[in-house]
Amino acid sequence: MRIFKNILLAALLTVFAMPEMQAQKLVILSTNDTHSQIEPTAKGMGGILRRRAAFDRVRAENKNVIVVDAGDVVQGTVFFSLYRGEVEYACMDSLGYDINILGNHEFDNGLDELAAHYRNLKSTKLSANYDFSGTPLQDLFESYTIRDIEGKKVAFIGINVEPAGLISEKNYKGMRYIPCDKVADALAHYLKTVIGVDYVVMISHIGYDSIDAGAPVDPTIIAASRDIDLLIGGHSHTLIKPDMAESHVTNANGKPIVIGQNGKTGEYIGRYDIDLATGKVEYSQIAIDNTLDADAARYTAMNRWLDRYRNGVDSLMNSVIGKSNRTFVNREIAAQNWLCDAVLDILPGVSGVKKVDVVIMNKGGIRNDMPKGNVTEGLMMSMFPFDNRFVVMEISGKDLLDALNVMASRGGDAISRGMKVEFNKAGKVTKATLNGKKIDPKKTYVLGTIDYLANGGDYMTPLLKGNRLFVDDVKYGDHIINYIKNDLTAKGKAIDAGDQPRMYEK
């Protein structure tokens, strides 16, 4: 009898202790760089309904759950090309996001459209180092938010990437950037010493690493920090697994701080279990795969709502406009060669400039792969989704060489046929020829590109010195679609290109 009573007492103690134990724990779920991936990817991962199911499972099992997003919710599929964010932002509300920050692609349609979406977004919107005074986004953002959870104050801060050279200047006009490394720990220190919070969580869209030497990144900010307790990252599309060394960085106090990031397209969710008594963080990830399908099928109303948008997307994804002789991986050489050569063919007819010497494009502008076989209009829209326009300019050989040096310093970029560029390990051009002749610094060349680069994007400031002969008013992706239809398919030609690099380290 005594044994039975002891067992019963232990069971009762366990039951009554559960709420108190739960009260000492906060679960943060995070996404980043989901890039308009409403449906599962070609790998069978991700999908917005599965993500909702994953969130709801965790909420059902835990008392204190906060869901955050680290930016770049949009851009990357035809859902954004057609509906300009209407689907993605409505889904954020349906999934119950609590906090979000901006990515660079949130600016792709300009501040007015962004403000129109963000005014209706229910989540708390954070940005500590973008000053939106006098812009359409004024008063929509907070530098930080504090959540009182079971007697502990947990602060969240949003830290954003340097826009210059990354975002088209016209798309953030009037916004002031404050260097992220000057703000992050200073704000965390203020929150702890003046406001008296217990923990500071930094949500970041500056990236785990950068191709730009010396640029502040998540690990360098944590290494210099004393008051940030957890960093949830985005922007660099880094898939940081919990067992990787990259998941912890030692701060200025010698304390290991967890840094997490989930790659891209919503294939994983980050999970951070914080012991509110000790501050210890346990980092894990949830795979968004077909094991969630049964739960996802319960969201019948949301599924019916999505069908309205799927119909438009499916019609374009099923509209065949040509064929490709090979698979083109979006950032690999063959895709870059094909794009630049296509633009070189397109520009004389579009611009009226009879002879364009060379075309420069950014490899980051090719957003998706092109498979071998049928090519659809929807696929091409997803490959070239940006609202950029063609520009033709006269440029001196000196400025052209300076632009090539910028490209070389970033590991090379896309140039059209006839041009070859060699650069050394230091990222400096050692030889540049056009049709077998050295680029003459004193000669004038006719260059074709897009307005993003012509306006100094991707750090291409030498192009600002060019004399513009033509600026288009049609999106360049539309021209590429028409080129495939009328200049290739109608003439019995398929999409193809060589994979020999035109810019290479030697």
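Look above for the structure.
Residues numbered from 1 in each chain as written. Predicted model: local features only at pLDDT ≥ 70, side-chain atom pairs only at ≥ 80, totals over all residues. Heavy atoms only, no water.

(A) Molecular detail of the sheet that holds strand β15 (residues 281-287). With mixed pairing, six strands are arranged side by side in an open sheet as β4-β3-β2-β1-β14-β15. Sheet topology places β4 (124-126) and β15 at the edges, where each strand pairs with a single neighbour. Taking each pair of neighbouring strands and ignoring which way they run, the sheet shows an average axis angle of 25°. In this structure, strand β1 (residues 25-31) lies alongside strand β2 (residues 65-69), joined through five bridges in parallel fashion. (Pairing = 2+ DSSP bridges. Helix = DSSP H or I, 4+ residues; strand = E, 2+ residues; numbered from the N terminus. Axes fitted to C-alpha atoms, helices over the stretch in contact; angles between N-to-C directions.)

(B) Local environment of the pairing of strand β14 (residues 268-275). Within β14, six of the eight residues are buried, which leaves the element mostly enclosed by the surrounding structure. Strand direction decides the pairing type here: β1 and β14, joined by six bridges, are antiparallel. Bridging across to β14, I28 finds its partner in Y272. With seven bridges connecting them, β14 and β15 associate as antiparallel partners. In the strand pairing of β15, Y272 is matched with Y283. What sits between β14 and β15 in their antiparallel hairpin is a turn of five residues, with G279 showing a positive phi close to 85°. (Buried < 20%, exposed > 50% of the residue type's maximum accessible area, 1.4 Å probe, protein only.)

(C) Spotlight on the sheet that holds strand β25 (residues 467-475). One open sheet holds the five strands; their spatial order is β20-β17-β24-β19-β25, and the pairing between them is mixed. Edge strands, defined here as strands with exactly one partner in the open sheet, are β20 (414-415) and β25. Bridge analysis of strand β17 (residues 358-361) against strand β24 (residues 444-450) gives two bridges, and the strand direction is parallel. Looking across to β24, one finds that V359 is bridged to G448.

(D) How the structure looks around the environment of Y199. Of note, Y199 is situated in strand β9 (residues 199-205). Note on Y199: relative accessible area 12%, which makes it buried. Along the sequence, Y199 and R176 sit 23 residues apart, while their C-alpha atoms lie 28 Å from each other. The residues touching Y199, leaving out its near neighbours within four places in the chain, are K153, V154, A155, K192, D229, D275, L276, A277, T278 and G279. (Contact = heavy atoms within 4.5 Å.)

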